[in-house]
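One-letter residues, chain by chain:
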Amino acid sequence: TTHNTQHTTHNTFTMTSTETTAPSFADIKRHACSDFLAGDEMITIVPSFSYPKPLGLISMTSVGPFTAGLEVRVPLWLATLLKQKSLCRIQSPPWMEVEVLKKILKFEQDQDNFSSDLPFRYQEISRTLLAVGELEDDDAIRILLQDISTVRMDKIRRNLHTLSEQSLGTAEPLPIIDVTGIGSLELAAIQPFCATAFAHHLLLSKKEKNVVVGGGEREEGGDKASAAPKAVSRLRRFR
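The sections below set out a description of the structure shown in this document. (Residues numbered from 1 in each chain as written. Predicted model: local features only at pLDDT ≥ 70, side-chain atom pairs only at ≥ 80, totals over all residues. Heavy atoms only, no water.)

**Points about the overall build of the protein chain**
- Of regular secondary structure, the protein chain possesses seven helices and seven strands.
- Seen in sequence order, the protein chain has helices and strands lined up from the N terminus as β-β-α-β-β-β-β-α-β-α-α-α-α-α.
- Split into buried and exposed, the 239 residues of the protein chain put 36% on the buried side.
- Restricting the contact set of the protein chain to residue pairs at least 6 apart, pairs at least 24 apart contribute 66%.
- Accessible surface, the protein chain: about 14400 Å² in total, of which carbon and sulfur atoms supply 55%. (Helix = DSSP H or I, 4+ residues; strand = E, 2+ residues; numbered from the N terminus. Buried < 20%, exposed > 50% of the residue type's maximum accessible area, 1.4 Å probe, protein only. Contact = heavy atoms within 4.5 Å. Areas by Shrake-Rupley, 256 points an atom, 1.4 Å probe, with all protein chains shown as cover.)

In structure tokens:
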């Protein structure tokens, strides 16, 4: 689990990784929620049984019917359950093939944007399928996924650092942040930092505006005009 802390130095917010820190309850809750939601992702299986009627599910209309030896699409949680009972064989998603992952890794290393070949919950899906032990070349797949995740998180940190230098150090409104291609757990990893950094930016922006407005009012007072520069200086040192 990647955890993030935030520091304010010379008007710049930075995010650092503290992987040795024990996961907090909030981190565990976010991961559990992501794993639960990923259970509805559709996976292809080859059942070893036949059942002529579709199965009605709460999360979707129905799945099936099932015919032994014929592929069928089912939710990830159902595929895992059937696999544990030796009632199916799980087909590896196309994006989890070794050659495809190598191409994705190269894309992530060479490009500033994020690959569109990975699903939104690729980390949760891959972790579940690797735990089931159904995939061929699972060691190579595991290493490639770890490398991809590391490269993507480094890219996210660089983008956040650029954002903090260009926007968080000013009182201007924050730009719209494009998160296209970022996975669910990656968003969960940066959410605490972004929420805190944006809250600090809003607070300091309001303080700066109040100081400027106050300074303009004090200039008319004559004797109180010297109070404005001191307030601005204190605010800048604090930021």
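**Let's talk about helix H4 (residues 122-132)**
- Looking at H4, one finds that the buried residues are Tyr122, Gln123, Glu124, Ile125, Ser126, Leu129 and Leu130.
- Gly133 occupies a position one or two residues after H4 and carries a positive phi of about 80°.

**Brief notes about the side chain of Glu124**
- Position of Glu124 among the secondary structure elements: in helix H4.
- Given the relative accessible area of 1%, Glu124 is considered buried.
- What Glu124 contacts, discounting residues up to four positions off in sequence, is Ser34, Asp35, Ala38, Ser184 and Leu185.

**Description of the nonpolar core**
- Ranked by internal contacts, the top residues of the largest apolar core, which has 30 residues, are Ile45, Val74, Ile141 and Leu145.
- When residues of this core are traced back to their parent elements, those giving at least two are strand S3 (42-47), strand S6 (72-75), helix H2 (76-84), strand S7 (88-90), helix H3 (98-110), H4 and helix H5 (138-168).
- When residues in this core are grouped by element, the largest group, five residues, is from H5.
- In this structure, Leu160, Leu163, Ile190 and Ala197 belong to the second largest nonpolar core, which totals 11 residues. (Core = buried A, V, L, I, M, F, W, Y, C linked by side-chain atoms within 4.5 Å.)

**Observations regarding the pairing of S3**
- Along S3, five of the six residues are buried, which leaves the element largely enclosed by surrounding structure.
- Bridging between S3 and S6 involves four bridges; their strand directions are antiparallel. Across the sheet, the residue bridging to Ile45 is Val72, located in S6.
- In the sheet, S3 pairs with S7 via three bridges, with the strands oriented antiparallel. The residue bridging Ile45 from the neighbouring strand is Ile90, located in S7. (Pairing = 2+ DSSP bridges.)

**What to know about the packing of aromatic side chains**
- Summed over all chains, the structure comprises one aromatic pair.
- Seen from the ring of Phe114, Lys155 lies directly overhead, with NZ or CZ sitting 4.9 Å from the centre. (Phe/Tyr/Trp six-rings, centres within 6.5 Å; stacked < 30°, edge-to-face > 60°. Lys NZ or Arg CZ within 6 Å of the ring centre and 35° of its normal.)

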